[in-house]
Every structure is written in structure tokens, then in C-alpha cells.
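# Residue-level structural notes
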Amino acid sequence: MGRSCFVLYLTAFCCLFGLLRGSPGDADPIYQGCVLQCEETGCIGDKCFRNCNFSDPKNVSWYGQEPHYLEWKKWVCQSDCRYYCMIAREDERQRLGYKPHKYHRKWPSKHVHGIQEPAAVLLSLLTLAMHFHGWISFLIHVNYNLPFRPNKKPYYEYTGLWHVYAFFAMNSWLWSGAFHSRDIEFTEKLDCSSAVALMGYALFLAIIRVFSLRTEAARVIVAAPIFAFAITHILYLNFYEFDHRWNTIVSMLIDVTQATLWCVWVGVSRHPSRWTLWAVILGGVPATILMIYDFPPYWGFVDAHAIWHATMLPLTYLWWSFVRDDCEFRTSVLVNKEK
């Protein structure tokens, strides 16, 4: 079963690798010309954007410069120009009978009060709330429903690690919501960086739990290369080259490795909640397929990526359910050993 799970994830990875290419809308010369003109003039036809009205910092005295504010305005100006040029170009293509194109890896979608992808934002925040609920329920379960050691510490050896995991997860989904709310360089980098940090830590946690590593020395040996790789990758994306293709390959490799570890472990384990973990692992396969077989948004809001976000809600609930059950199982085993 573990091998089958690995093949499913590897197949999805290979399909996704084949689809990693620039969006067709980006290469449209009419769209490119519209964006360039908008960034220079601040207007598309009769519609003008106040965020595009900024002075050149080279022509401003040192005490009058606002580099960070001006940089933010440039990002927002570029975002507005891309959106309205995309809408104008898609309206024209629709009149000619053409199908929608992706622009900058995203389908054209309707904005709501300046929020670029309202469905994805809402679902990201709901997933954040699910992680918060799962973490709080785990915290209550450990501290109020289960016995403690004589030294007042929990029996469960991985309690602290799951608290750190909850922080990484909530941080990642917070920046996912911010990115889908306003796609600019700043939010995109934070979204990708926090996702890589979460995946790197989740891989570390999977190795620790699968191999039951309890000593600090063993955990440091595992953590050092994984954290070094994740940090190096984040620094590469932020300060050298923001390469989407490379980031997707790295992310999928981490996910496949982590999923394979859990597949093998749950396949040979007699854990009482192994079926819950199976549901999480196998539920990730159709979620990955949604990322591959993409489709334009229905009603201008719900595309494949939004549905992928929706699948994270039940999977997050099941995941934290497994964590609570694992905590209870390990505590009962250790308590029985002491009797």
C-alpha cells in the first residue's frame, strides 16, 4: 500500500512537472503593451489608478524619499494594471469566441472590494481557523484530559513539536490569504517562503514520528540538513531568483517524500487511528490532481485552485484528529509500561 501511495504522488508530480511553463496570457503582446502603457501613464483608457502616480525617487531629495512606500505603490500599481489589462483583453477575446487564458499562473477572476481571489482568501482563512481549532483542541486534550509524568510534563514525547507545527501552519495559511487578497511581489514571496518553511518542518516532524526518535541528539541530526536546505531555498527565492518552476519542484519533492514516509509507516503500523491517517494521505491525491487538471473559474470566483483550498478543510480536521489520537495512544502505552 505504501508503494501504491508513492506511485500516485509520483505520477501527480511528473504530470505537474510537465505543466510548469509560463501562462499563455503573459506572452500576449496586446496584454504586455497594455500593462507597459498603464505602468507608464497610470491609466487604461479613461480609468486611472492613483497608486501609479508616484514621483521618481531619483529626482527627490534624500530627506523627501520614501523608498519603502514608493516600492509598495509600484507593486500595487503593477497589480492593478495587470488585472484591468487582463479583464480588457479577456473581454475582447470572449467577443472573438476564444477560451480564457491564464495570466501570471492565475485564471481571470472577479475582484471584490479590491480582493483579487475572494474564494481563495476565504478558504485560506478558514483553513487557518481549522488549524487553530485543531491546535487548541490538542492543547486542551494534553493538559486536561491526559495524565502527566511525575515531573509535571506530558507523557507524549512530541507535544512541543506539534505546538511548533501549529505556528508554522497558521503562519503559512495567513500569508496564503494575504497573497490571494493582493498578488504583489511582497505577498507572493512571503506566501512561498512560509509554505516552504511549513513543508520543511512537516518533513522533519514526519521523520521524528515515523522512526520514533526521542533523543535530542537524534532530532538535531535530522533537523540540521532539512532546516539548512529549507532556509537556503527560502533565501534563494527571496534574494537571488524567484524561480516558480524550481520552487514547485522542490515543494513537490518534499511533499512526495513526506507522504511516502507516512504511507509506509501507516501501512506497517497497528496504530488505532491509522485509517484516519490513510484518509488524509489518500485525500491529498485528488487535491493534487486538482492542481494539475486546472480549469477557469465558475461565476468568476471558483476555479480548481479554490476547490483545492476547500479540500484542505476536511483534511486539516482529520489531520489534527489523528494528532490527538496519537497523543492519547502514546500516553496510554507509556502509562501502562510504568505500571
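Residues numbered from 1 in each chain as written. Predicted model: local features only at pLDDT ≥ 70, side-chain atom pairs only at ≥ 80, totals over all residues. Heavy atoms only, no water.

### Regarding helix 8 (residues 244-268)
- End to end, helix 8 covers 36 Å across 25 residues, agreeing with the expected 36 Å (1.5 Å per residue, within 8%).
- In this structure Asp243 caps helix 8, since a side-chain oxygen of it lies 3.1 Å from the backbone nitrogen of Arg245. (Helix = DSSP H or I, 4+ residues; strand = E, 2+ residues; numbered from the N terminus. Expected span 1.5 Å × (residues − 1). Polar contact = N/O pair within 3.5 Å; in protein donor to acceptor, adjacent residues only side chain to side chain.)

### As for the packing of helix 6 (residues 185-210) against helix 7 (residues 216-239)
- For the pair helix 6 and helix 7, interaxial distance at closest approach is 10 Å and the crossing angle is 165°. One element, helix 6, and the other, helix 7, form an angle in the roughly antiparallel class. Handedness of the crossing formed by helix 6 with helix 7: right-handed. For the pair formed by helix 6 and helix 7, the contact residues are Lys189, Ser193, Val196, Ala197, Gly200, Tyr201, Leu203, Phe204, Ile207 and Ile208 on the first element and Arg219, Val222, Ala223, Ile226, Phe227, Ala230, His233, Ile234, Leu237 and Asn238 on the second. (Axes fitted to C-alpha atoms, helices over the stretch in contact; angles between N-to-C directions. Parallel < 35°, antiparallel > 145°, perpendicular 65-115°, else oblique. Left-handed = near helix turned anticlockwise from the far one by under 90°. Contact = heavy atoms within 4.5 Å.)

### Points about the pattern of salt bridges
- By the definition in use, this model includes 8 salt bridges.
- Measuring nitrogen to oxygen at the nearest pair gives 2.5 Å for the salt bridge that ties Arg89 to Asp28. With Arg89 in helix 3 (residues 67-95) and Asp28 in the loop between helix 1 (2-18) and helix 2 (29-41), this residue pair connects regions lying 61 residues apart in the sequence.
- You can call Arg89 buried: its relative accessible area is 12%.
- Between Arg209 and Asp326 there is a salt bridge; the shortest N-O distance is 2.8 Å. Residue Arg209 is found in helix 6, and its partner Asp326 is found in helix 10 (residues 304-338); the two are separated by 117 residues along the sequence. This pair shows no difference in class: Arg209 is buried, exactly as Asp326 is.
- Among the charged side chains, a network of salt bridges with common partners joins Asp28, Arg89 and Glu92. (Salt bridge = Lys/Arg side-chain N within 4 Å of Asp/Glu carboxyl O. Buried < 20%, exposed > 50% of the residue type's maximum accessible area, 1.4 Å probe, protein only.)

### Section: empty space enclosed by the protein
- Taken as a whole and judged by the stated rule, the model has 2 cavities of 30 Å³ or more.
- In this structure, the largest cavity is lined by 18 residues; those nearest its centre are Arg82, Tyr103, Lys106, Gln116 and Asp183.
- Looking at the lining of the largest cavity, the element that brings in the most residues is helix 3, giving 6 residues.
- Looking at the lining of the largest cavity residue by residue, the classes come out as 7 nonpolar, 6 polar and 5 charged.
- If you go around the second largest cavity, the residues you meet are Ser109, Glu117, Pro118, Ala119, Ala120, Phe301, Asp303 and Ala306.
- With 3 residues, helix 4 (residues 118-145) is the single largest residue contributor to the lining of the second largest cavity. (1 Å grid on protein atoms, 1.4 Å probe; cavity = no way out; pocket = protein on both sides within 12 Å on 5 of 7 lines; lining within 4 Å. Points joined across faces, edges and corners; volume = space filled by probe spheres on them. Nonpolar A, V, L, I, M, F, W, Y, C, P; charged D, E, K, R; others polar.)

### Thoughts on the UniProt feature "transmembrane region" (unreviewed entry) in the protein
- Within this structure's numbering, the places UniProt gives as "transmembrane region" (unreviewed entry) are residues 119-143, 155-175, 195-213, 220-240, 246-268, 275-293 and 299-320.
- Regarding residues 220-240, the helix share stands at 95% and the strand share at 0%, and the terminal C-alpha atoms are separated by 28 Å.
- Between the C-alpha atoms that bound residues 299-320 the distance is 33 Å, and the span itself is 77% helix and 0% strand. (UniProt positions renumbered as here; feature names shortened; annotations may be inferred.)

### Quick look at the state of the cysteines
- Under the defined criterion, the tally for this structure stands at 3 disulfides.
- Cys34 shares a disulfide with Cys85; S-S distance 2.0 Å. On the sign convention where negative means left-handed, the S-S torsion of about -80° between Cys34 and Cys85 marks this disulfide as left-handed. Of the two residues, Cys34 sits in helix 2 while Cys85 sits in helix 3, which places them 51 residues apart along the sequence. Considered together, Cys34 and Cys85 belong to a single accessibility category, that of buried residues.
- Here Cys38 engages in a disulfide with Cys81; their sulfurs sit 2.0 Å apart. Linking Cys38 and Cys81, the disulfide has an S-S dihedral of approximately -70° and is accordingly described as left-handed. Placement of Cys38 in helix 2 and of Cys81 in helix 3 is noted, with a sequence separation of 43 residues between them. Exposure class is identical for Cys38 and Cys81. Each is buried. (Disulfide = S-S within 2.5 Å.)

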